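Residue-level structural notes
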Amino acid sequence: MTDNTLPHATLDDQERQAFGLYVRFLAEAGLEHPEEVDVRRVFKGLDGQIFVPVTLSAAEPNLQLAMLMAHKSEQVYKQTGCRFVLVQQPQADSTQRRYVWGDGTWRALP
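So, a few notes on the structure that sits alongside this text. (Residues numbered from 1 in each chain as written. Predicted model: local features only at pLDDT ≥ 70, side-chain atom pairs only at ≥ 80, totals over all residues. Heavy atoms only, no water.)

What to know about the pairing of strand E3 (residues 50–56)
Stated precisely, the cut-off is as follows: Only protein chains enter the accessibility calculation, which uses a 1.4 Å probe; a residue is then buried when its area is under 20% of its type maximum, exposed when over 50%, and partly exposed in between. The numbering of helices and of strands both runs from the N terminus, where a helix is a DSSP run of H or I of at least 4 residues and a strand a run of E of at least 2. Paired strands are those between which DSSP finds at least two bridges.
The buried fraction of E3 amounts to seven of the seven residues, a majority that puts the element mostly inside the structure. When strand E2 (residues 43–44) meets E3, the two strands line up antiparallel, connected through two bridges. When the bridges of E3 are listed, lysine 44 appears paired with isoleucine 50. What sits between E2 and E3 in their antiparallel hairpin is a turn of five residues, with glycine 48 showing a positive phi close to 90°.

Section: the environment of proline 53
Applicable threshold: It only takes one pair of heavy atoms within 4.5 Å for two residues to be counted as in contact.
Relative to the elements of secondary structure, proline 53 occurs in strand E3. Overall, proline 53 belongs to the buried group, its relative accessible area being 3%. Sequence-wise, proline 53 and valine 87 are 34 residues apart; in three dimensions their C-alpha atoms are separated by 4.4 Å. When sequence neighbours within four positions are dropped, the list of residues in contact with proline 53 reads Glu36, Val37, Asp38, Arg41, Val42 and Val87.

Considerations on the packing of aromatic side chains
Rules: To pair, rings of Phe, Tyr and Trp, with the six-membered ring standing in for Trp, must have centres within 6.5 Å; the planes then decide the type, stacked if under 30 degrees apart, edge-to-face if over 60, and tilted in the middle.
By the definition in use, this model includes five aromatic pairs. When the ring of tyrosine 22 is compared with that of phenylalanine 84, the centres are 4.9 Å apart and the planes differ by 15°; the resulting orientation is stacked. Of the two residues, tyrosine 22 is situated in helix H1 (residues 13–28) and phenylalanine 84 in strand E4 (residues 84–90); the sequence distance between them amounts to 62 residues. Grouping residues by exposure puts tyrosine 22 and phenylalanine 84 together as buried. Note on phenylalanine 43 and phenylalanine 51: the rings are 4.8 Å apart at their centroids and 5° apart in plane angle, and the pair reads as stacked.

Some points on H1
Helical geometry: 3.6 residues make up each α-helical turn, so side chains three or four residues apart lie on a common side. Quick note on the threshold: Expected span of a helix, by definition, is 1.5 Å for each gap between consecutive residues, and there is one gap fewer than residues. Polar contact is defined as a pair of N or O atoms within 3.5 Å, subject to the rule that within protein one atom must be able to donate a hydrogen and the other to accept it, and that residues adjacent in sequence are counted only when both atoms are side-chain atoms.
Under the 1.5 Å per step criterion, the end-to-end length of H1 is 23 Å for 16 residues, consistent within 8% with the ideal 22 Å. Considered for burial, the residues of H1 that qualify are Glu15, Arg16, Ala18, Phe19, Gly20, Leu21, Tyr22, Val23, Phe25 and Leu26. A side-chain oxygen of the first residue of H1 lies 3.1 Å from the backbone nitrogen of glutamine 14; this N-cap is aspartate 12.

Some thoughts on the side chain of glutamine 89
Within the secondary structure, glutamine 89 is located in strand E4. Take glutamine 89: its relative accessible area is 14%, and that puts it in the buried class.

Focus on the nonpolar core
As a reminder, the rule being used: Working definition of a nonpolar core: buried Ala, Val, Leu, Ile, Met, Phe, Trp, Tyr and Cys residues. They are joined through side-chain atoms within 4.5 Å.
One finds Phe19 and Phe84 to be the most contacted residues of the largest nonpolar core, which totals 23 residues. Secondary-structure elements contributing two or more residues to this core are H1, E3, helix H2 (63–80) and E4. For this core, the element with the most residues is H1, which contributes seven residues. Apart from the residues within four sequence positions on either side, phenylalanine 84 is in contact with Glu15, Ala18, Phe19, Tyr22, Ile50, Val52, Ser73 and Val76.

Following this line, the structure appears as structure tokens:
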């Protein structure tokens with residue numbers, strides 16, 4: 001990912017650096033289904049969390065990826081003070097929903 005593809009409009013300099021670290025962790029996950037980070041749809045929640053949408057070439061969200069990235073998100077938070085949330089959108093999901101893993105359950109985003 002080049003600096004030109006980072007979501008400059010929504011993140012400040014510190015957040016962009018933290019975003020780069022989070023995306024590197026995501027790339028290192030090396031799971032079965034390739035992930036595609038949709039940098040145009042990165043957004044900040046009301047609590048300052050940074051939501052990172054990924055498209056999965058699967059029919060369901062990936063629990064292993066969700067749990068791994070929740071752990072990596074904590075690492076990034078401890079290093080940078082920026083908290084990230086992975087948003088999964090499975091391509092083969094007929095509902096075209098986006099999912100977030102939290103509190104032991106999947107939550108669909110509107």
